[in-house]
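# Residue-level structure breakdown
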Amino acid sequence: MNETIKTQLNHRSIRQFKPVTLTQEEVNLLVDVARHTSTSNFRQSYSIISITDQKLKEEIAEIANQPYIPNAGHLFVFVVDQRRNTLIAEAKGAEALVQGSPERFISAFSDAMIAAQNVVVAAESLGMGTVYLGSILNDNAKLSELLKLPKYVYPAVGLAVGWPDQEPQLKPRLPRHVIHMENYYQDLENPLEELKDYDAEVHEYYDLRDLNNRVDEFTTQIATTMDKSVANRANTLKDLQKQGFFTD
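Small disclaimer: the values here were computed from a predicted structure and weren't measured.

With that out of the way, let us pick up the side chain of S45. You can see S45 is positioned in the loop between α2 (24-35) and β1 (46-51). For S45, a relative accessible area of 1% translates into the label buried. Side-chain polar atoms of S45 contact the side chain of N85, separated by 3.4 Å. The residues touching S45, leaving out its near neighbours within four places in the chain, are T39, V79, V80, D81, Q82, N85, A108 and D111.

This is the structure:
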């Protein structure tokens, strides 16, 4: 156990921030952490967009349905970026043929997400708070338009960073024996029985949470969301194809 691991084990999403904008030096430091992240085949197929325009923040907050976004100390959007390497290849006289393939998309998406996680670890080690914003994908087409994303660029995740103005409860996670397997995949033999104690823990967490009246069990939450997609994300494949991915 060390201080880094203690910080990681104490991770919680922060949605209330002090009205303090991150300095350019702090932003540069976090971006440098991202730059030094491992990357698939050294392609570095991601980019980071800092959102500093207040109106743009508000428009993104509307897409995400997260009104706290404009109040964060800083807003990052991590994007899949196969455009840069396409332009490099073309400038070198090579024919770019695979930039829209599923393999290149997945590797670039992984690059973006690993970089984002490194930024989270770095920010929290400095005492900052963070929250991932998968909700920016509620309207991929509109977000891509707002950020002027060209072909072969696609949003991966948003990340709000700032100085925390709340100390929420630590959200309970699935037990270790449920997510950690050895040598091969193992199904739960009796999911409801094996997750009974975890359900009770999650129920208590929501029951005691100040800003949330939900008292759902984990298994109930999962069951009620497995029969349909989020309505405004139903066009994800079409949005990906519009940006040049998964076209074959």
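By size, the foremost hydrophobic cluster in this structure holds 26 residues, and its most contacted members are L30, F76, F78 and V161. Ranked by residue count, the leading element in this core is helix α5 (residues 102-125), at nine residues.

Taken in spatial order, the four strands make up an open sheet running β1-β2-β4-β3, and their pairing is antiparallel. On the outer flanks of this sheet lie β1 and β3 (129-133), each paired with one strand and no other. The average angle at which neighbouring strand axes cross in this sheet is 25°, direction not considered. Relative to strand β2 (residues 74-81), β1 is paired through six bridges, and the arrangement is antiparallel. Looking at β2, one finds that I51 is bridged to L75.

Bringing the pairing of β2 into the picture now. With eight of eight residues buried, β2 lies mostly within the body of the structure. Residues H74, F76, F78 and V80 point to one face of β2 and L75, V77, V79 and D81 to the other, with burial holding for every one of them. Pairing geometry for β2 and strand β4 (residues 153-162), over eight bridges, is antiparallel. Note that in β4 the partner of V77 across the bridge is G158.

What follows is about a nonpolar patch on the surface. On the surface, a cluster of nonpolar side chains totalling about 340 Å² of accessible area is made up of M1, I5 and L9. Note on L9: relative accessible area 57%, which makes it exposed.

Definitions and limits used
- Residues numbered from 1 in each chain as written.
- Predicted model: local features only at pLDDT ≥ 70, side-chain atom pairs only at ≥ 80, totals over all residues.
- Heavy atoms only, no water.
- Helix = DSSP H or I, 4+ residues; strand = E, 2+ residues; numbered from the N terminus.
- Buried < 20%, exposed > 50% of the residue type's maximum accessible area, 1.4 Å probe, protein only.
- Polar contact = N/O pair within 3.5 Å; in protein donor to acceptor, adjacent residues only side chain to side chain.
- Contact = heavy atoms within 4.5 Å.
- Core = buried A, V, L, I, M, F, W, Y, C linked by side-chain atoms within 4.5 Å.
- Pairing = 2+ DSSP bridges.
- Axes fitted to C-alpha atoms, helices over the stretch in contact; angles between N-to-C directions.
- Patch = residues over 30% accessible without salt bridge, like charges linked within 9 Å, V, L, I, M, F, W, Y side chains within 5 Å.
- Areas by Shrake-Rupley, 256 points an atom, 1.4 Å probe, with all protein chains shown as cover.
- Salt bridge = Lys/Arg side-chain N within 4 Å of Asp/Glu carboxyl O.

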